[in-house]
Amino acid sequence: MRAASVEESASPPADRADEVRAFYESHPYPAPLGNLDRHRELYRNPDRRRAVSLLLWPTRKPVPNRKILVAGCGTSQAAIHAMREPDARVTAIDISEASLGHTRELQRKYGLRNLDLHRLAIEDVGSLGEVFDEIVCTGVLHHLPDPDLGLRSLRAALAQDGALRIMVYAAYGRAGVYMMQEYCRLLGVRANDEELRALGATIGALSPDHPIAAAASRAKDFRQADALADALLHPVDRAYTVPQLHGWLERCGLSFARWYEQAPYLPQCGAIASMPHAPRLASLPPPLQHAAVELLRGTMTKHDFVAYRDDRAGESQPIAFEGQDWLSYVPLRLPWALVVRERLPPGAAAVLINRAHAFPDLALPINAAQARVLSAIDGKRTAGEILRGTTASATLDQGREFVERLWRYDQIVLDATAAG
C-alpha cells in the first residue's frame, strides 16, 4: 500500500527531493525541544543504556567508543543520542538547515562535543567516508523518493556486525491518514498557518467513527501545525505492510532482527493468544505470524525494528529457548516497564505494563510465584540461578515458559553474551 502522493506523482525523483527539502525548511518536525534535562536524568540509569544496547545486540557486549549515525536527525534526535551515549561519537545528517539549527542550539546548550552535524541527504551518506556501528533512521525513509536507494546507502555505511534501527509507516493503521491526504489534494489545501488551522478544525468536526479520528487520538502532537502538515500535506509518503517490509530489507541486503517492541506482533501475546486461531497462527513461520497479527490488530501506524547486514556472522535472532543455552541468559528488566499492584484481576499478584505498548491487551497479569521470579531479576544473575533460587516447587519448564513470556511481552531483555 502506497500513499497516493507517491503513486500518482509524475515529478522526477530530484524534483520530489527538492520538494521534501523545502517542506522541512518551512515545517521542521518534530517540534523542537527546548531542553534535554528529562532525557539526561533518564539516562543516568545505566540499565537504560544497557537495555537499549541489548535490544540491538543481545549476544555482544557494548562496543566502547562506538560510532553512531542518526540519519535524518530532525530537530532534536541527534542531541538526545549524544547526551545518552557520552562515550560514543555521534554523527547526524539531515537535509533541513532549519532542523539542524535547532540541534545546534541544543548542542551548544549542553556542550555536546561528541556530536558532528552535516547537511546531507541519506542517499549521499557515503560521502562521509565512514562506517558506523549503529545507525538510527526513524521516520525518514518513507519520505524518500526512492526508499530502496536510501536503505542501500545506509547498509553500505553500516559495519558488518553493526545494527540498524529503522521506523517506517505501517499501511493499515494509516488508512484514515491517506483518506485525508487525498481530501487535501482534492481541495488543494496548502501548508500555511491559515489553511492548517482550518484543516485542524475540519478534522476536529468529523465523526469519531471516521478512520482519521483514531489516528489523531493516538498521535500526541497531531493538532500541532507542523505535525499536521507532516501527516497530511507531506509531498512524499509511503507505508509498508509486514510482508512488504521483509521484501524491502531483502532487496537492500539486510536481514530482519526483531521488532523494537515485539509483543504487538506476536500471536502468543495479549488477546490474540486466546482467539480460536491462536494455535494456527503460532504454527506459521515468524514473518507470516507477524503479518497475520498486523491484520488482526488493524491500527498499527508504524513499524519500529532492528535490522542487520545480510552478510553478518551469526543468527539474526539469536535468542532461543530450545536446548539449555537460555539458562545462561541474564535477564534485565526494562526500565520503562511498570509493575502495577492495585485493582488487580482475580488471582493476580501484579500486572506488568510496558509503557511503549499502544495496545492495552498487552498488560500481563502474574501470580505470586511469578512475582517472586520477577523480583529476583537484577540484571546480574542468570535465568538458571534465578529459577533455582525462587521456584523450588515449580518445574524448570514452567520457569522457562515464564522467562520466555516476560521476553515476548517486552518486560525484559536478555543478555546472551555468555550463552553457548
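Below is a short write-up of the structure. None of these values were measured; they are calculated from a predicted model.

1. A short note on the overall build of the protein
Turning to step 1, where the next piece is worked out: Counting its regular elements, the protein contains 17 helices and 12 strands.
Turning to step 2, where the next piece is worked out: Computed over its C-alpha atoms, the radius of gyration of the protein comes to 22 Å, within 12% of the 22 Å expected for a compact globule of 420 residues.
Turning to step 3, where the next piece is worked out: In terms of principal-axis extent, the alpha carbons of the protein reach across some 70 × 50 × 40 Å.
Turning to step 4, where the next piece is worked out: Looking at the protein as a whole, 51% of its 420 residues are labelled buried.
Turning to step 5, where the next piece is worked out: Considering only residue pairs separated by 6 or more positions, the protein has 75% of its internal contacts joining residues 24 or more positions apart.
Turning to step 6, where the next piece is worked out: Summing over all exposed atoms, the protein offers an accessible surface of approximately 19200 Å²; the carbon and sulfur share of this is 52%.
Turning to step 7, where the next piece is worked out: Taking the average place of the 49 positive charges on the side chains of the protein and the average place of its 50 negative ones, the gap between the two points comes to 6 Å.

2. Things to note about the packing of helix α7 (residues 147–156) against helix α12 (residues 242–251)
Turning to step 1, where the next piece is worked out: The geometry of α7 relative to α12 is characterised by a closest axis approach of 9 Å and an angle of 55 degrees between their N-to-C directions. Judged by the inter-axis angle, α7 sits oblique to α12. When you trace α7 past α12, the crossing you get is right-handed. Facing P147, D148, L151 and R152 of α7, the residues of α12 in contact are W248, L249 and R251.

3. Remarks on the side chain of R48
Turning to step 1, where the next piece is worked out: Along the polypeptide, R48 turns up in helix α4 (residues 46–56).
Turning to step 2, where the next piece is worked out: D47 is the oppositely charged side chain nearest to the buried, salt-bridge-free R48, at an N-O distance of 9.5 Å.
Turning to step 3, where the next piece is worked out: Apart from the residues lying within four places of it in its own chain, the contact partners of R48 are L42, Y43, P335 and W336.

4. Description of the side chain of R297
Turning to step 1, where the next piece is worked out: Relative to the helices and strands, R297 is located in helix α14 (residues 286–297).
Turning to step 2, where the next piece is worked out: Once residues within four sequence positions are removed from consideration, R297 is found in contact with P264, C269, I272, F359, D361 and L362.

5. So, the sheet that holds strand β9 (residues 337–340)
Strand pairing in a sheet relies on backbone hydrogen bonds, with the paired strands running either antiparallel or parallel.
Turning to step 1, where the next piece is worked out: Reading across the sheet, the 3 strands line up as β9-β10-β11 and stay open at both edges, with antiparallel pairing between neighbours. Since the sheet does not close on itself, it has two edges, and those belong to β9 and β11 (364–366), each with one partner. The sheet shows a mean angle of 25 degrees between the axes of neighbouring strands, taken without regard to direction.
Turning to step 2, where the next piece is worked out: Here β9 pairs with strand β10 (residues 350–354) via 4 bridges, running antiparallel. If you follow V339 over to β10, its bridge partner there is L352.

6. Let's talk about the sheet that holds strand β1 (residues 67–71)
Turning to step 1, where the next piece is worked out: Read from one edge of the open sheet, 7 strands run β3-β2-β1-β4-β5-β7-β6, paired in mixed fashion. One side of each edge strand has no neighbouring strand; the edge strands of this open sheet are β3 (115–119) and β6 (254–259). The average undirected angle you get between the axes of adjacent strands in this sheet is 20 degrees.
Turning to step 2, where the next piece is worked out: In this structure, β1 lies alongside strand β2 (residues 89–94), joined through 5 bridges in parallel fashion. In the sheet register, I68 faces β2, and the bridge partner there is V90.

7. A look at the environment of M275
Turning to step 1, where the next piece is worked out: Within the secondary structure layout, M275 lies in the loop between β6 and α13 (278–282).
Turning to step 2, where the next piece is worked out: With relative accessibility at 35%, the residue M275 sits in the partly exposed group.

8. Here we look at the packing of helix α15 (residues 368–376) against helix α17 (residues 396–408)
Turning to step 1, where the next piece is worked out: The interhelical angle for the contact between α15 and α17, taken along N-to-C directions, is 65 degrees, at an axis separation of 11 Å. It follows from the interaxial angle that α15 and α17 lie roughly perpendicular. Regarding α15 and α17, the two cross each other, and that crossing is right-handed. Here Q370, V373 and L374 of α15 lie close against α17, whose contacting residues are F402, R405 and L406.
Turning to step 2, where the next piece is worked out: Split by residue class, the contact of α15 with α17 holds 4 nonpolar, 1 polar and 1 charged.

9. What about the packing of aromatic side chains?
Turning to step 1, where the next piece is worked out: The full count for this structure, using the stated rule, is 8 aromatic pairs.
Turning to step 2, where the next piece is worked out: Ring geometry for Y240 versus W248: centroids 4.5 Å apart, planes at 20 degrees, classification stacked.
Turning to step 3, where the next piece is worked out: The exposure class of Y240 is buried, given its relative accessible area of 2%.
Turning to step 4, where the next piece is worked out: Residue classification places W248 among the buried residues on the basis of a relative accessible area of 0%.
Turning to step 5, where the next piece is worked out: Between F321 and Y329 the ring centres are 6.1 Å apart and the planes differ by 85 degrees, which places this aromatic pair in the edge-to-face class.
Turning to step 6, where the next piece is worked out: Of the residues examined, Y329 reaches a relative accessible area of 2% and is grouped as buried.
Turning to step 7, where the next piece is worked out: In this structure an aromatic cluster arises from ring pairing among F256, W259, Y265 and F305.
Turning to step 8, where the next piece is worked out: Lying over the aromatic face of Y308, R312 brings its terminal NZ or CZ to 3.9 Å of the ring centre.

Conventions adopted
The numbering scheme is per chain: residues are counted from 1 as the chain's sequence reads. At least 70 in pLDDT is required for a residue's local features to be given in this predicted model, at least 80 for side-chain atom pairs to be given and counted, and no such filter applies to totals for whole chains, interfaces and linings, which use all residues. Side-chain measures were taken over the full set of non-hydrogen atoms in the model, leaving aside hydrogen atoms and water. Here a strand is any run of E in DSSP of at least two residues, a helix any run of H or I of at least four, and the numbering for each starts at the N terminus. Atoms considered for the radius of gyration are the C-alpha atoms alone. The globule rule reads 2.2 Å times the number of residues to the power 0.38. Relative accessible area decides the class of each residue, using a 1.4 Å probe on protein chains only: under 20% of the type maximum gives buried, over 50% gives exposed, and in between gives partly exposed. Note on contacts: a residue pair qualifies if any of its non-hydrogen atoms lie within 4.5 Å across the two residues. Accessible surface is estimated by sampling points in the Shrake-Rupley manner with a 1.4 Å probe; for residues, cover comes only from the protein chains shown. Only four residue types enter the charge count: Lys and Arg as positive, Asp and Glu as negative, with His and the chain ends excluded. Working definition for charges: the position is that of NZ of Lys, CZ of Arg, CG of Asp or CD of Glu. Under this scheme, a helix contributes an axis fitted over its contacting stretch, all axes are lines through C-alpha atoms, and angles between N-to-C directions fall in the 0 to 180 degree range. Angle categories: roughly parallel below 35 degrees, roughly antiparallel above 145, roughly perpendicular from 65 to 115, and oblique for all the rest. For any pair of crossing helices, the crossing counts as left-handed if the nearer helix is rotated counterclockwise from the farther one by less than a right angle, and right-handed if it is rotated clockwise. One side-chain nitrogen of Lys or Arg within 4 Å of one carboxyl oxygen of Asp or Glu is enough to make a salt bridge. Strand pairing is assigned whenever DSSP detects at least two bridges linking the two strands. Classes in brief: Ala, Val, Leu, Ile, Met, Phe, Trp, Tyr, Cys and Pro nonpolar; Asp, Glu, Lys and Arg charged; the others, Gly included, polar. Pairing of aromatic rings covers Phe, Tyr and the six-membered ring of Trp, with a centre-to-centre limit of 6.5 Å; geometry is then stacked below 30 degrees between planes, edge-to-face above 60, and tilted otherwise. Counted as over-ring charges are cases with an Arg CZ or a Lys NZ within 6 Å of the ring centre that also lie within 35 degrees of the ring normal.

Remember, this is a structural readout, not a statement about activity or role.
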